[in-house]
Amino acid sequence: MLKGLKITLFALLAVFSVGFLADLQIAEASVTSEITVNVEPEPEPDPFQLIVNIDGNGSGTVSWDDYSCTSRSPCPAASYPPGTPVTLSVNRTGDDSVFSGWKQDCSGTGTSCTVTMGQARNVTATFNLNTYTVTFNANGGAGTMSPQTFTASVPEKLTANNFSRTGYNFAGWNTSTGTYYSDRQSITVNSNMTLYAMWNETPVVPDTYTVTFNANGGTGTMSPQTFTASVGQNLTTNTFTKIGYNFAGWNTSPGGTGTSYSDRQFITVNSNMTLYA
């Protein structure tokens, strides 16, 4: 408030004599007066508020002036006079996180940003966890599998194997350094890596054949005999009987016109067959 403002007033006094203008006499009188005037000052402008937020699934810190906050603690509100420049900076926390960029009144992916407080400002910094790629290698097999993306330190099941290899069974995955993983195992990944399919040769199951025994007029029972292809063994001992007859061996034909085998003969079989007494 301004006080004591001195104002000097000058007045011209015209003194007229009785008579005509020619007799006009002019006298100057000086009048001085002190007047106090109260002047209201211009009001201070209201400050503007700066609101800072952190989002994303990663970790980091935002700092500006004497303030700072982390992804796990709320950011303080700060007020600034109009026109004040404010510079904010970011730092990620740990190797698993990455700064992904600014939003709202800041933009870009630089680690610092300056806003001018011409109005209220809102700034958001985003930190995300790193992502890594697991590539699948058929390692002699056939087929295709898309790479799988993992978020750092977040467990996830491996994609089910889709490779195949003739004559082999899938036996899991292995890294180039020898770490084994089973099919669809839940794992955490903190670097890009390639998984190689592991294969076990499928055991060859040999064919088997059945030899059926026919009494061919005789009596009794005999169980069928199983043979492995190309693997020789003795025929089962005959147990059939026929009154008035002696057992004379086996034949692939009931009339005896086929291939003959003696009792307990060592033979190889490569098809199912019936032997007639």
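Heads up: these notes are all about the structure in this document. (Residues numbered from 1 in each chain as written. Predicted model: local features only at pLDDT ≥ 70, side-chain atom pairs only at ≥ 80, totals over all residues. Heavy atoms only, no water.)

**Looking at the pattern of salt bridges**
Applying the stated rule across the entire model yields three salt bridges. D55 is paired through a salt bridge with K103; the nearest N and O atoms lie 2.8 Å apart. Linking D55 in strand β3 (residues 48-55) with K103 in strand β8 (residues 97-104), this pair joins segments that are 48 residues apart in sequence. Judged by its relative accessible area of 27%, D55 falls in the partly exposed class. (Salt bridge = Lys/Arg side-chain N within 4 Å of Asp/Glu carboxyl O. Helix = DSSP H or I, 4+ residues; strand = E, 2+ residues; numbered from the N terminus. Buried < 20%, exposed > 50% of the residue type's maximum accessible area, 1.4 Å probe, protein only.)

**Focus on the nonpolar core**
Counting 20 residues, the largest nonpolar core has L50, V52, V62, W64, L88, W102 and V115 as its most contacted members. When residues of this core are traced back to their parent elements, those giving at least two are β3, β4 (60-64), β6 (78-80), β7 (85-92), β8, β9 (112-116) and β10 (121-129). In this structure, A138, L158, F163 and W199 belong to the second largest nonpolar core, which totals 16 residues. (Core = buried A, V, L, I, M, F, W, Y, C linked by side-chain atoms within 4.5 Å.)

**A few points about the side chain of T175**
Along the chain, T175 falls in the loop between β14 (168-174) and β15 (180-181). A residue is classified by how much of its surface remains accessible, and T175, at 12% relative accessible area, is buried. Those residues within four positions of T175 in sequence are excluded, and the remaining contacts are Y181, M193, T194, L195 and Y196. (Contact = heavy atoms within 4.5 Å.)

**Details of the state of the cysteines**
Cysteine pairs can be covalently joined through their sulfur atoms, and such a bond is termed a disulfide. One pass over the structure, following the stated rule, counts two disulfides. Two residues share a disulfide in this structure: C69 and C75, whose sulfurs sit 1.9 Å from each other. Its torsion about the S-S bond being 65°, the disulfide of C69 and C75 is classed as right-handed. When its relative accessible area of 2% is taken as the criterion, C69 is described as buried. The residue that forms a disulfide with C106 is C113, at a sulfur-sulfur distance of 1.8 Å. Between C106 and C113 the disulfide shows an S-S torsion of about -95°. By sign, it is left-handed. For the pair shown, C106 and C113 are each scored as buried. Once the disulfide-bonded cysteines of the protein chain are ranked by sequence position, their pairing pattern turns out to be 1-2, 3-4. (Disulfide = S-S within 2.5 Å.)

**Quick notes on the packing of aromatic side chains**
Scanning the entire structure with this criterion turns up ten aromatic pairs. Summarising the aromatic geometry, the rings of F240 and W250 are spaced 6.1 Å apart at their centres and angled 70° between planes, so their arrangement reads as edge-to-face. Of this pair, F240 sits in the loop between β20 (233-234) and β21 (250-251) while W250 sits in strand β21, and the two are ten residues apart along the sequence. Overall, the relative accessible area of 8% leaves F240 in the buried class. One cation-aromatic arrangement involves R165 over Y168; the distance from NZ or CZ to the ring centre is 3.9 Å. (Phe/Tyr/Trp six-rings, centres within 6.5 Å; stacked < 30°, edge-to-face > 60°. Lys NZ or Arg CZ within 6 Å of the ring centre and 35° of its normal.)

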